[in-house]
Amino acid sequence: MSKRESNDKDVTVNKIKLIRTAIIAAVILFFLIFVIKKIDAYLDARKKPALSAEKLTEQLVACSDLTTAEIIYNGVVRFEEDGIPLINENSFLMMYSARVKAGIDISQVKVNVTSNKVIVTLPEVTIQDLIIDTDTLEFYDVTTSLFNQTQQSDVVVAVNYAKEDVKQHADIPGLLAKAKEQTEILIRGLLTDTAGDRELIIRYVDEVDDDDDDSTETKK
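Residues numbered from 1 in each chain as written. Predicted model: local features only at pLDDT ≥ 70, side-chain atom pairs only at ≥ 80, totals over all residues. Heavy atoms only, no water.

Quick look at the overall build of the protein chain now. Along the backbone of the protein chain there are four helices and eight strands. Element order for the protein chain, N to C, with α for helix and β for strand: α-α-β-β-β-β-β-β-α-α-β-β. Burial statistics for the protein chain: of 220 residues in total, 29% are counted as buried. Sequence separation of at least 24 residues holds for 76% of the intrachain contacts in the protein chain that already meet a minimum separation of 6. Accessible surface for the protein chain amounts to roughly 14700 Å². Of this, 53% is attributable to carbon and sulfur atoms. (Helix = DSSP H or I, 4+ residues; strand = E, 2+ residues; numbered from the N terminus. Buried < 20%, exposed > 50% of the residue type's maximum accessible area, 1.4 Å probe, protein only. Contact = heavy atoms within 4.5 Å. Areas by Shrake-Rupley, 256 points an atom, 1.4 Å probe, with all protein chains shown as cover.)

Attention shifts here to the packing of aromatic side chains. This structure, assessed with the given rule, holds one aromatic pair. Ring centres of Tyr-73 and Tyr-96 lie 6.3 Å apart, and the angle between their planes is 50 degrees; this geometry places the pair in the tilted category. With Tyr-73 in strand β1 (residues 65-79) and Tyr-96 in strand β2 (residues 92-105), this pair connects stretches of sequence that are 23 residues apart. Across the ring face of Tyr-204, the terminal group of Lys-180 is positioned such that the distance to the ring centre comes to 4.9 Å. (Phe/Tyr/Trp six-rings, centres within 6.5 Å; stacked < 30°, edge-to-face > 60°. Lys NZ or Arg CZ within 6 Å of the ring centre and 35° of its normal.)

Within the largest apolar cluster, 38 residues are counted, with the highest numbers of intra-cluster contacts made by Met-94, Tyr-96, Val-120, Ile-132 and Leu-137. Mapped by element, the contributors of at least two residues to this core are β1, β2, β3 (110-113), β4 (117-122), β5 (126-141), α3 (152-169), α4 (172-195) and β7 (199-204). In terms of residue count, β2 provides more of this core than any other element does, seven residues in total. If sequence neighbours within four positions are ignored, Tyr-96 has contacts with Tyr-73, Asn-74, Gly-75, Val-76, Val-77, Ile-132, Thr-136, Leu-137, Ala-162, Asp-165 and Val-166. (Core = buried A, V, L, I, M, F, W, Y, C linked by side-chain atoms within 4.5 Å.)

All right, on to the environment of Thr-192 then. Along the polypeptide, Thr-192 turns up in helix α4. Separated by 74 residues in sequence, Thr-192 and Val-118 have C-alpha atoms that sit 9.6 Å apart.

Quick look at the pattern of salt bridges now. As enumerated under the stated definition, the model contains four salt bridges in all. One salt bridge connects Glu-164 with Lys-167, and the closest N-O pair in it is separated by 3.8 Å. Of this pair, Glu-164 and Lys-167 are both found in helix α3, three residues apart, which corresponds to roughly one turn of the helix. Looking at Glu-164, the relative accessible area reads 41%, which means it is partly exposed. (Salt bridge = Lys/Arg side-chain N within 4 Å of Asp/Glu carboxyl O.)

This is how it looks when you write it as structure tokens:
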């Protein structure tokens, strides 16, 4: 073998060694990057505070009924039929003031927690209370003259009539819609900090599809 051929062989061997070293270095580098990412993910997971559906539910269950909207309704009921068991009058007007409250039953809230989401399912908004202020009851005859009633039985019957009048004429759908909106705002405000970097999803039970999968940790 000539000297030139020997030199060419040495150069080829050196190139092969250099390539092999570069490949090994690249493999080691990729491995180190992979390990570092895994370590970072592990540390991030340890830094994330433990969160459970039970913990979130405890924040909400302090009040079993959550009233989020109410209206004051001033009504007038006109009686014109004979035989009404009230005031011993056949034709008269009754004026009253009522307070109507709407909200949700907190005990029916469902909370689901996953690694990246907090899903809160709220029950249907309902009328929680309908109160007739008996101090505001006033009765007028057909000439709009105010007359007094003194019997307790008259007041009881009057309140029942007033409640039916509220249900028929007050803006109950508008009240329920307002309560629904305010409930979501309130629940979001209560749980945002606790949920941390998890996505907070608030929905009502009538918005849940049957095939929704919320099987991860659930607390009712």
